[in-house]
Amino acid sequence: MIERRLALPNIRVLLLEDDALISIDAEEMLQSLGVGQVHVAHTLDEARAIAARERLDVAVLDLVIGHERCEAFAGDLLSSRVPIVFASGMRDDASLPEALRAAPTVDKPYSSQALHGALARALGRLG
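The shown structure was predicted, so the numbers you read here are calculated from the model rather than taken from an experiment. (Residues numbered from 1 in each chain as written. Predicted model: local features only at pLDDT ≥ 70, side-chain atom pairs only at ≥ 80, totals over all residues. Heavy atoms only, no water.)

J.: Provide a residue-level description of the pattern of salt bridges, including the pertinent values.
T.: By the definition in use, this model includes 6 salt bridges. The salt bridge involving Asp57 is made with Arg12; its shortest N-O contact spans 3.0 Å. Of this pair, Asp57 sits in the loop between helix H2 (44-53) and strand E3 (58-61) while Arg12 sits in strand E1 (residues 12-16), and the two are 45 residues apart along the sequence. Across the pair, exposure class does not vary: Asp57 and Arg12 are buried alike. Across the pair Lys108 and Glu17 runs a salt bridge whose closest N-O atoms are separated by 2.8 Å. Remark: Glu17 occurs in the loop between E1 and helix H1 (20-32) and Lys108 occurs in the loop between strand E7 (105-107) and helix H4 (112-126); sequence separation between them is 91 residues. (Salt bridge = Lys/Arg side-chain N within 4 Å of Asp/Glu carboxyl O. Helix = DSSP H or I, 4+ residues; strand = E, 2+ residues; numbered from the N terminus. Buried < 20%, exposed > 50% of the residue type's maximum accessible area, 1.4 Å probe, protein only.)

J.: Report on helix H3 (residues 71-79), specifying residues and quantitative values.
T.: Listing the buried residues of H3 in full gives Glu71, Phe73, Ala74 and Leu77. The buried residues of H3 occupy an angular sector of 160° when projected down its axis, which confines them to one face. Turned more than 90 degrees away from the buried face of H3, the exposed residues are Ala72 and Ser79. Residues of H3 that are buried make contact with E1, H2, E3, strand E5 (68-69) and strand E6 (84-88). Count one or two residues on from H3 and you reach Arg81, which has phi positive near 65°. (Arc of directions from axis to C-beta. Contact = heavy atoms within 4.5 Å.)

J.: Break down the sheet that holds strand E2 (residues 37-41) for me, with residues and values.
T.: The parallel open sheet is built from 5 strands, whose spatial order is E2-E1-E3-E6-E7. Two strands in the sheet have a free side with no partner beyond their single neighbour: E2 and E7. Here the strands of the sheet are splayed against their neighbours by 20° on average, with no regard to which way each runs. Taken strand by strand, H2 contacts E1 and E2, and its axis lies near 145° from that of E2. (Pairing = 2+ DSSP bridges. Axes fitted to C-alpha atoms, helices over the stretch in contact; angles between N-to-C directions.)

Nothing here speaks to function; it is geometry throughout.
The structure is reproduced here in structure tokens:
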């Protein structure tokens, strides 16, 4: 059983993941943590559209989507005061812009507990 140190029922999450199986698993993890809404995007264009129309509390972003990296989008979210969590097996802090290096990360494959901890850190960072 997951200890719920952070109340998540009203949290609106953007999940950007291009692998369908991983996105299904991650969405189920978020729902099991009690997240209020999960908006799933499989491309950067879908993620941008969701961010433009929805009020988001946090975003969980795969760093590499197809052949693109999402650093610019992540920076836009942070500028809009939407905290981010990177969920990736390919994170290289040295290649990230400095403003993104402090973002919490969960390494794939990740657990519900790791995701919960990263969400708590991300939400606390801008709170």
